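Residues per chain are reported as follows:
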Amino acid sequence: MTYFRPIAMTGIARPPQALALAGGRCWFAEVEVLERGRPARLAPVAEVPDAVLARLTAPRAPLAGLAMDRPQIMGILNVTPDSFSDGGRFLDPAAAVAQARVLAAEGAALLDIGGESTRPGAAGVPVAEEIARTAPVIAALRDAGLPLSIDTRKAGVARAALAAGAGMVNDVSALTFDAGLAGVVAAAGVPLVLMHAQGTPATMQDAPAYDDVLLDVCDWLEHRIAVAEGAGIVRGRIVVDPGIGFGKTAAHNLALIRGLSLFHGLGCPVLLGASRKRFIGTISGEERADRRVAGSLAVALAAAAQGVQLLRVHDVAETRAALALWRAISGEELT
């Protein structure tokens, strides 16, 4: 099988043969041609099959009312006692609601609310407990003026969250954990994030291995999209996430980030959730997760430069400022 990864570019020096990437502000005039067992090579867009080119260039439909022609910031709100990034600071519903309002004021376009930690080694949470953590917070925020996503693997939790006011489901298992979740999402007609993971949170970092991590993850996500479509979820409402840190070494994570633009060939918006993760600390030398802002921003900008539409982050204000400078440097008019 042959894969075509667009070489994403920004700026005003755009050649006439260049094409808009996923209908956004990045463009490409060349692709990297990838085949298993063969060296990669560059090729002009003229060599890309029409069907592949159509997926790479088609504008993505708005999701939860948000335009997908630019990077949107998804603020992270963990309503758990054991989050790797905040140590449980927002488990109390009042604290969670207050933090949500801070993230909104800082510039989050949507919020992702989760009641079960999926950090490496984390244990599962019963459905009733996960609902008790998340549904009241979502209900309190339903009139806050920005879309809300429920970060869960479970049909019961998603159903309660959607009833409380959530408008999107973010499933780190890509419908492999709970067979009933697909039906809940399809019936509600809401967007769904399908994230790649190798193994479960309890075991995923034991010994992750791939033949070719970029191509393996792409193939796996294509299969999960087909499963979702078979359950009645249209591709236009599906978001893909390569799952940074979920069954990956630091080398795997870096390979995925370098090759992010490949995932536009799936025909869906792309989400990246790398904020404050361990590999950032390993490379930067920062042990404390809440001090990994600089490394998180570097990854977020690398993702934006490859046309990623959703950036799932803890540090919203800093990410918003970094994106504003990136857009200005890229030649976008200031408003």
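All values reported here derive from a predicted model rather than from experimental measurement.

Attention shifts here to the packing of helix H9 (residues 293-304) against helix H10 (residues 316-329). H10 packs onto H9 with a crossing angle of 45° between their chain directions and a minimal axis gap of 10 Å. In terms of their interaxial angle, H9 and H10 are classed as oblique. Here the hand of the crossing between H9 and H10 comes out right-handed. Where H9 abuts H10, its residues Val293, Leu297, Ala300, Leu301 and Ala304 lie against Glu318, Thr319, Ala322, Leu323 and Trp326. Residue classes in the contact of H9 with H10 are distributed as 8 nonpolar, 1 polar and 1 charged.

What follows concerns helix H4 (residues 155-164). Those residues of H4 lying buried are Ala155, Val157, Ala158, Ala161, Leu162 and Ala164. Residues of H4 that are buried in the fold lie against helix H3 (127-141), strand S8 (148-151), strand S9 (168-171) and helix H5 (181-188). Just downstream of H4, glycine 165 is the residue with a positive phi angle, here 135°.

On to the environment of aspartate 219. Along the polypeptide, aspartate 219 turns up in helix H6 (residues 213-230). The exposure class assigned to aspartate 219 is partly exposed, which follows from its relative accessible area of 28%. Along the chain, aspartate 219 and leucine 266 lie 47 residues apart, while their C-alpha atoms are 9.4 Å from each other. Residues within four places of aspartate 219 in sequence aside, it is in contact with Met1, Tyr3 and Arg36.

Turning next to the nonpolar core. In this structure, Val169 and Phe263 are the most contacted members of the largest nonpolar core, which totals 72 residues. Take this core: its biggest share by element is 8 residues, from H6. The residues touching valine 169, leaving out its near neighbours within four places in the chain, are Ser149, Ile150, Thr152, Ala158, Leu162, Leu181, Val185, Val190, Pro191, Leu192 and Val193. Of all hydrophobic cores here, the second largest spans 12 residues; its members include Cys26, Phe28, Val48 and Leu53.

What counts, and where the lines are drawn
Residues numbered from 1 in each chain as written. Predicted model: local features only at pLDDT ≥ 70, side-chain atom pairs only at ≥ 80, totals over all residues. Heavy atoms only, no water. Axes fitted to C-alpha atoms, helices over the stretch in contact; angles between N-to-C directions. Helix = DSSP H or I, 4+ residues; strand = E, 2+ residues; numbered from the N terminus. Parallel < 35°, antiparallel > 145°, perpendicular 65-115°, else oblique. Left-handed = near helix turned anticlockwise from the far one by under 90°. Contact = heavy atoms within 4.5 Å. Nonpolar A, V, L, I, M, F, W, Y, C, P; charged D, E, K, R; others polar. Buried < 20%, exposed > 50% of the residue type's maximum accessible area, 1.4 Å probe, protein only. Core = buried A, V, L, I, M, F, W, Y, C linked by side-chain atoms within 4.5 Å.

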